[in-house]
Amino acid sequence: MNNQYQSSKTCEKQFFHENHCNFILTILTQTVFSIVGIAISFLMMITIESIEYTDHHRIVIAGILFGTIIVMYIIFGFLQKTFRNRYLKQGLSQFKRYIFQKILGKSIREFGSATAGKIINAFSNDLSSIETNYLNGTLQIIQQMIMFIVGVGAMYYINPILATCVIAACIIPIAFSMLFGRRLGQKERKTSDEGEGFVDQIKDLLGGFILIKSFKAEKEILNLFDQQNFSLEEAKRDRRDTNDTISLTSTFSSILVIGLIFTIGLYLAYQDIISIGGIIAFVELSHYATGPVEKMIPLWTNRKASITLIHKVEEMIEGSHESDQKFEIRTIDHNISMENVSFAYENGKEVLDKVNLTFEQGKSYAIVGGSGCGKSTLIQLLLGYYSEYNGKILYDGNELSDISLDSLYDVVSVISQNVFLFDSTIRNNITMFKDFDEDRIEEAIRLAGLTNFIQEKGMDYECGEGGKNLSGGEKQRISIARCLLRKTPVIIMDEATAALDNKTAFEVEEAILNLNHLTKIVVTHKSNREILKKYDEIIVLRNGDITEQGKFEDLMKARNYFYSLYHITA
């Protein structure tokens, strides 16, 4: 609990980092602005008393006070707006940057446990609630407290008896808010959880749109949508009910205060203890007592509820970050090996069973096999995506679990089937927005086979969202150039040519195999004789086991599983 408290405080500090000046100036201008508002009540009292007592001197005072109020209202209204908006902008920018920086600081292994739905929900629904109820709500709470203190002080100045009655009436909603505040926080958390589930479901359903249509499962899928949608809206309704109950109590308190002022005030007026102008001023000033209480209750309870969301965001972005004591790998001089490696997802059936492999430095390896045989899982284990495996995965004799994953990605580059491209230029997508020597960039472009394309389009050609302005082969070649630019000693290609036509797939795979002095590990399902003959070794997986391995000609002569697989997929 203490760690969670400290984590939440770390998150909250991001709102105030290098933002204290804007915060303090906002509070100061709010204070003056509140005093100006209360001065209007005294203006009303002086004006009415000047009529009531036929006092011309008071009319002059009222005129001076009116002019002062107008000037102060304009000046401090502008200053409050300026400093408030600066504070909100700075606070939100820093908080979002902190969250995203923490997410980027996660390893691939840690990131897998935080679904995209949680992150999207944090940056949309949760952050919107935090902005409204915590950041902006904190300012409003302070403003209402200032108004309450100054307003009550002004009421006691006019008449202590009537002021005491007003304060007593304000106790009711305060007690009620303490009773319901914790419940609202719990319901805010539940609403956020339901929102996450809804976002995840929408992503899944849209991702499987083609499957839904082909199986004509629209009705069944709509039922699934209805269940999640109803659950979310029910949670939101429950949260609104609690919030509205608190607001109704506050409104009742305001009505009660007005009734007390008129009842007790008229009695005091008959006793010549207070003037009619004083009663009118008191009615106006009562809003500075009941108004803040009425607003403070939902503001305070909503702020507490938003803190639970800050806790939730912190839980999402925090993780078991890698130890600083892990080994920093610099290069691969000898080999990558797997010794009796077994792996299963969530204690289920083993995907890999006692795999023994050695990838020698500078050689090329093809990993082939039927669907679900464990090819991609093997690659993901080499990249450190999973830590719960049996056996040993060694990089030049160093166990993977003892190696810093950050340093691992300095020596290993990955080209996957789904190439991610930013909505930016070819240059930025190749360099990943970093600065490289032009000769080095040109070399990577040449080796990736992009020279003619670049000459035609230019380095500043916009790739479009997700690379929509490029063909599949062009996108893959950009991903190859991106890897080559890093000059890592190992390149892993995981089904990178699966979505390409045979001609483009041949060209892409050949470009990889023609790279010298690099260790190349390629998961492929394309059975092209000319390409397969170029590999130093072909590794054949079947049901999580290595059933064969060797050169293409030797495997074909053996006429075993690979021979059958080749003829089926050729």
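Scroll up to find the structure this text is about.
Residues numbered from 1 in each chain as written. Predicted model: local features only at pLDDT ≥ 70, side-chain atom pairs only at ≥ 80, totals over all residues. Heavy atoms only, no water.

1. Overview of the nonpolar core
Core analysis: the largest hydrophobic core is formed by 43 residues, its most contacted members being Leu 450, Ile 538 and Phe 562. The element contributing the most residues to this core is helix H15 (residues 472-486), with six residues. Ignoring any residue separated from it by four or fewer positions in sequence, one finds Ile 538 in contact with Ala 366, Val 368, Leu 532, Glu 548, Gln 549, Gly 550, Phe 552, Leu 555 and Phe 562. The next biggest cluster of nonpolar side chains, apart from the first, holds 34 residues, and it includes Val 341, Val 490, Ile 521 and Leu 541. (Core = buried A, V, L, I, M, F, W, Y, C linked by side-chain atoms within 4.5 Å. Buried < 20%, exposed > 50% of the residue type's maximum accessible area, 1.4 Å probe, protein only. Helix = DSSP H or I, 4+ residues; strand = E, 2+ residues; numbered from the N terminus. Contact = heavy atoms within 4.5 Å.)

2. Focus: the pattern of salt bridges
Where charged atoms of side chains with opposite charge meet at close range, the side chains can pair. Counted by the stated rule, this structure contains six salt bridges. One salt bridge in this structure joins Lys 236 and Glu 233, with 3.2 Å as the shortest N-O distance. In this pair, Lys 236 and Glu 233 are both assigned in helix H8 (residues 218-270), three residues apart and thus about one turn of the helix distant. The exposure class of Lys 236 is partly exposed, given its relative accessible area of 23%. Between Asp 241 and Arg 237 there is a salt bridge; the shortest N-O distance is 2.2 Å. One end of the pair, Asp 241, and the other, Arg 237, are both in helix H8, four residues apart, so they sit about a helical turn from each other. (Salt bridge = Lys/Arg side-chain N within 4 Å of Asp/Glu carboxyl O.)

3. Overview of the packing of aromatic side chains
Under the definition given, this model contains 15 aromatic pairs. Seen in terms of ring centroids, Phe 198 and Phe 225 are 5.6 Å apart; in terms of plane orientation they differ by 55°. Their pairing is tilted. Here Phe 225 lies in helix H8 and Phe 198 lies in helix H6 (residues 160-207), a separation of 27 residues in the sequence. Cluster of aromatic residues (ring-pair linked, three or more members): Phe 15, Phe 95 and Tyr 134. (Phe/Tyr/Trp six-rings, centres within 6.5 Å; stacked < 30°, edge-to-face > 60°.)

4. Structural notes on a nonpolar patch on the surface
Taken together, Phe 66, Ile 70, Tyr 73 and Ile 74 make up a surface patch of nonpolar side chains, about 430 Å² in accessible area. Mapped onto the elements of the fold, Ile 74 is located in helix H3 (residues 56-104). Residue classification places Ile 74 among the exposed positions, given a relative accessible area of 55%. (Patch = residues over 30% accessible without salt bridge, like charges linked within 9 Å, V, L, I, M, F, W, Y side chains within 5 Å. Areas by Shrake-Rupley, 256 points an atom, 1.4 Å probe, with all protein chains shown as cover.)

Everything listed here is a matter of coordinates, which is why it stays silent on function.
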